[in-house]
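A structural walkthrough
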Amino acid sequence: MDTNDTLARGAAGDTTTTEARRLRLFIDGEFVQAASGKTFSNISPVDGSLVAEVDEAGAEDVDRAVAAAQRALVGEWGRMSLTTRLDLLARVSDRIMERFDEFLDAEMADTGKPHAFACAVDVPRGAANFKTFSHIMRSLPTESFQTDTDDGRGALNYALRMPVGVVGVICPWNLPLLLMTWKVAPALACGNTVVVKPSEETPSTATLLAEVMNEVGIPRGVYNVVHGFGPGSAGEAMTVHPGISAITFTGESRTGSAIMQAAAPHVKRLSFELGGKNPSIVFADADFDAAVAGTARSTFSNCGQVCLCCERVYVERPIFDRFVAAMREEARRQVIGDPREPGTTMGPLISRGHREKVLSYYRLAVEEGATVVTGGGIPELDARFDGGAYIEPTIWTGLDESARCIREEIFGPVCHIQPFDTDDEAIRMANDSAYGLCAAVWTTNLQRAHLVARSLETGMVWINTWFLRDLRTPFGGTKLSGVGREGGVHSVEFYTELKNVCVKL
Ligand code: NAD
Ligand code: 6OD
């Protein structure tokens, strides 16, 4: 079964324009039109062309999706053996790899992210998430305790891991396939069914995944996709739906707060991966070249649109000037342009709207007294990108730590570099934030590395690296950056309800 009806083709040979398609909802194993009768346009951030016309789900569509997911819980999926279920999910992983180029094209069309980045990160991780959780669930032991009783015979307790039920999955646009499957894979591995709402900016790969689900034989109703927006649309309808037992959300902290309030009356289980304003601390004893390359990666990757990006860089004073100069060279080395060109390292931001937000911070930084080391505006590119959302990589120095540009998440290819004189000063500035997602520390002093890592108030710390992932490790943030942890057994904790069985012997 095909997902889409082609609406229009891009001009032959125009590598920035892909086919414009009609993306339907996916409910109960079928691609269906939204009952709401509404659609919205998915626009390319590369050149402003139409990527797809998308059906917008309303409350009635969410109702249908939840009902299908509930039926699946007690149907074939609910009765399926663990091994069969996990074999099917491993097959989903294989099928994503077999259709690698289609996922790649869909992700690039929605986001404009560079080919090299999507090839290395987005698509393989989309596949790896299913393989990983298929493996983890296969080997998870059952908790049990022997209990003494007065009659001497005792009792045996064991804990069963039951699915939570229908899980609502609400996703952002920055790593669409990676972050969606990071939730869907463990949710399904644990026996749940899902209703997924991709970001309105990036509906394509969730829809393509629906084809894969059908191809490998995932029963109908297990994986459902409703497209739309947040307030007054599919997102809000999910958060208040009594049939959805848990919501797993990645996105802005403000949105997390709104979802928490909406979900409260039904006491839904919640998992939140939210925003960040992450620090990177570079000591004078660091491997200089590795620290520069790593910090540049943590500033400019995916055009700065990774929640783990480090927008606050603290550099020990003896190497400060040299480090700023080296970062300026890294920024100027970025190849901005057509995401399909193999040499391109930086595509556009996700949308014109987001570019306006980032540019407002570029202007604010100047008002707040920043020295603009490089960037600060819109790059001059070929006319075919005039309708796009391109922006210059930007570096500032000279801001006071109280500046809004230091305190608020910008989510663009930008960082501020601040000097420090002591370890304590660096730790104090790094921790002086409402957010607490991750940090990077660059030093060759082993003891310092461990002690600084321990002192940082973040959920994750990378030492002499950044965004190096092991999918078994706890992933998540403190403070405004989230609630709970994903990854390995931590995901399993969220997606299962533990039921203790006590047997008197
Ligand atoms: P967003 O919060 O604007 O939107 C995320 C999703 O929530 C979208 O699907 C949107 O339609 C939906 N939504 C919005 N309002 C809603 C509501 N009231 N009820 C239900 N759903 C609603 O975030 P975004 O702009 O898509 O993504 C960027 C943000 O995500 C940044 O803040 C970034 O730091 C954060 N992020 C965090 C992580 C992490 O792991 N901590 C990962 C990626 C992105
Ligand atoms: O790698 C991951 O598992 C993950 N959740 C990455 C998040 C990146 C944020 O933009």
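On a predicted model such as this, the values are computed, not experimentally measured, just so you know. (Residues numbered from 1 in each chain as written. Chains lettered and ligands numbered in written order. Predicted model: local features only at pLDDT ≥ 70, side-chain atom pairs only at ≥ 80, totals over all residues. Heavy atoms only, no water.)

**Details of the packing of helix α5 (residues 115-138) against helix α16 (residues 488-495)**
One can describe the packing of α5 onto α16 by two numbers: an axis separation of 10 Å at closest approach and a directional angle of 80°. With respect to α16, the element α5 is oriented roughly perpendicular. Judged by residue contacts, F133, I136 and M137 of α5 engage G488, S491 and V492 from α16. (Axes fitted to C-alpha atoms, helices over the stretch in contact; angles between N-to-C directions. Helix = DSSP H or I, 4+ residues; strand = E, 2+ residues; numbered from the N terminus. Parallel < 35°, antiparallel > 145°, perpendicular 65-115°, else oblique. Contact = heavy atoms within 4.5 Å.)

**Structural notes on the pattern of salt bridges**
Oppositely charged side chains may form a pair once their charged atoms are brought near each other. Evaluated as defined, the whole model comprises 36 salt bridges. K504 is the partner of D151 in a salt bridge, and the nearest nitrogen-oxygen pair spans 2.4 Å. Of this pair, D151 sits in the loop between β7 (144-147) and β8 (155-163) while K504 is found in strand β24 (residues 496-504), placing the two residues 353 residues apart along the sequence. Looking at D151, the relative accessible area reads 41%, which means it is partly exposed. Ionic pairing is found between E356 and R363, a salt bridge with its closest N-O pair at 2.8 Å. Salt bridges linked by common partners bring R91, R95, E98, R99, E102, E211 and E215 together as one network. (Salt bridge = Lys/Arg side-chain N within 4 Å of Asp/Glu carboxyl O. Buried < 20%, exposed > 50% of the residue type's maximum accessible area, 1.4 Å probe, protein only.)

**Section: helix α6 (residues 176-189)**
In a regular helix each residue adds 1.5 Å, so 14 residues correspond to 20 Å; α6 covers 20 Å between its end C-alpha atoms and thus fits that length. In terms of burial, α6 is largely enclosed, as 14 of its 14 residues are buried. Two residues or fewer after α6 comes G191, characterised by a positive phi angle close to 95°. (Expected span 1.5 Å × (residues − 1).)

**What to know about the site of ligand 1**
Surveying the vicinity of ligand 1 reveals 30 residues, the closest of which are C171, E200, T255, L274 and E409. G251 has a polar backbone atom sitting 3.4 Å from an oxygen atom of ligand 1. One of the side-chain nitrogen or oxygen atoms of E409 is found 2.5 Å away from an oxygen atom of ligand 1. Alone, ligand 1 offers 850 Å² of accessible surface; in the complex the protein occludes 91% of this. Residue assignment for the shell around ligand 1 shows that the elements contributing at least two residues are α8 (234-239), β12 (246-250) and α9 (253-263). A per-element tally of the shell around ligand 1 places α8 first, with three residues. (Near = heavy atom within 4 Å. Polar contact = N/O pair within 3.5 Å; in protein donor to acceptor, adjacent residues only side chain to side chain. Areas by Shrake-Rupley, 256 points an atom, 1.4 Å probe, with all protein chains shown as cover.)

**Regarding the side chain of S233**
Within the secondary structure, S233 is located in the loop between β11 (223-225) and α8. For S233, a relative accessible area of 6% gives the class buried. Not counting the four nearest positions on each side in its chain, S233 is found in contact with E56, A57 and G228.

**Topic: helix α10 (residues 288-300)**
Look at α10: 18 Å from first C-alpha to last across 13 residues, which is about the 18 Å you get at 1.5 Å a residue. Those residues of α10 that sit buried are F288, A291, V292, G294, T295, A296, S298, T299 and F300. Residues of α10 that are buried make contact with β14 (279-282), β15 (312-316), α11 (320-333), β17 (394-397), β18 (414-420) and β20 (438-442). The positive-phi residue at the C-terminal boundary of α10 is N302, with phi of around 55°.

**Examining the confidence of the model for the protein chain**
Per-chain confidence: the protein chain averages 96 in pLDDT, with 96% of residues scoring 70 or above. Contacts from residues 1-18, a stretch scored under 50 in pLDDT, to residues over four places away or in other chains number 49 contacts. (pLDDT = per-residue confidence, 0-100.)

**What to know about the sheet that holds β17**
The seven strands lie next to each other as β16-β17-β18-β15-β14-β20-β21, forming an open sheet whose pairing is mixed. Across the chains shown, the open sheet's two edge strands, defined by having one partner strand only, are β16 (371-374) and β21 (460-463). Direction aside, the axes of adjacent strands within the sheet are offset by 25° on average. By the bridge criterion, four bridges tie β20 to β21 in an arrangement that is parallel. (Pairing = 2+ DSSP bridges.)

**As for the site of ligand 2**
Around ligand 2, the neighbouring residues are R125, N174, L175, L178, L179, W182, V306, C307, F467, R469 and F475. At a separation of 2.7 Å, an oxygen atom of ligand 2 approaches a polar side-chain atom of R469. Burial of ligand 2 by the protein chains amounts to 99% of its free accessible area of 300 Å². Counting residues per element, the shell around ligand 2 draws most heavily on α6, which supplies three residues. For the shell around ligand 2, the residue count by class is eight nonpolar, one polar and two charged. (Nonpolar A, V, L, I, M, F, W, Y, C, P; charged D, E, K, R; others polar.)

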